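# Structure assessment
Okay, here's what each chain looks like letter by letter:
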Amino acid sequence: MIPPKEQQRPPGFDCPKCGFFIEMSIESLLYSSSQVCPGCTTAYSMDREKSNDALKLVQKLHVAMKNIDTVKKFDGKH
Ligand SMILES: [Zn+2]
């Protein structure tokens, strides 16, 4: 089953200050240590050691997204 496009939310989190959805690419999560909210420009820095569990989760998500991409490509060929 492939979920409709509307349900494929990009990775990220809701800003605790303004509620703006901060979109985070997997790459920025894995390779940069901070993220700035586009809504209120609050910078969120990530403690890599403390957020290790979160990073593992993100990596799982990354794999899941790759799988979705593969399914889409397969569907496209069909
Ligand atoms: Zn914000």
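What counts and how
Residue numbers run consecutively from 1 along every chain, following the written order of its sequence. Since the coordinates come from a predicted model, pLDDT governs what is reported: local features require at least 70, and pairs of side-chain atoms require 80 or more to be given and counted, while whole-chain, interface and lining totals use all residues. The side-chain numbers reported here are obtained from all heavy atoms of the structure, hydrogens and water having been left aside. Think of it this way: any DSSP run of H or I at least four residues long counts as a helix, any run of E at least two long counts as a strand, and we number them from the N terminus. Between buried and exposed lies partly exposed: a residue is buried under 20% and exposed over 50% of the maximum accessible area for its type, with that area taken using a 1.4 Å probe on protein chains only. The criterion used for residue contact is that any of the two residues' heavy atoms lie within 4.5 Å. For accessible areas, the Shrake-Rupley method is used with a probe of radius 1.4 Å. Any residue's cover is judged against the shown protein chains and nothing else. Note on donors: an N, O or S atom is included if it sits within 2.8 Å of the metal, or within 3.2 Å for Na, K and Ca, and water is never included, so sites can look incomplete. Geometry assignment treats four donors as tetrahedral when all angles are between 85 and 135 degrees, treats four as square planar and six as octahedral when opposite donors are over 155 degrees apart and all others between 65 and 115, and treats everything else as irregular.

## So, the overall build of the protein
If you tally the helices and strands in the protein, you get 2 helices and 4 strands. The secondary structure elements of the protein, listed N-terminal to C-terminal, are β-β-α-β-β-α. Across the 78 residues in the protein, those meeting the buried criterion constitute 19%. If you take every contact in the protein between residues at least 6 apart in sequence, the share linking residues at least 24 apart comes to 27%. About 6,300 Å² of surface is accessible on the protein, with carbon and sulfur atoms providing 57% of the total.

## A look at the coordination of the zinc ion
Bound to the zinc ion are the protein donor atoms C15 (SG), C18 (SG), C37 (SG) and C40 (SG), situated 2.3 Å from the metal. Around the zinc ion sit 4 donor atoms, and with donor-metal-donor angles ranging over 105 to 114° the site reads as tetrahedral. Considered as a linear motif, the donors of the zinc ion on their single chain read C-x2-C-x18-C-x2-C. Residue C15 is found in the loop between β1 (12-14) and β2 (21-23), and its partner C37 is found in the loop between β3 (34-36) and β4 (43-45); the two are separated by 22 residues along the sequence.

## Looking at the environment of Y44
Turning to its location among the elements, Y44 is positioned in strand β4. Between the alpha carbons of Y44 and S34 there is a distance of 5.3 Å; along the sequence they are 10 residues apart. If sequence neighbours within four positions are ignored, Y44 has contacts with F13, C15, P16, K17, I22, S33, S34, Q35 and C37.

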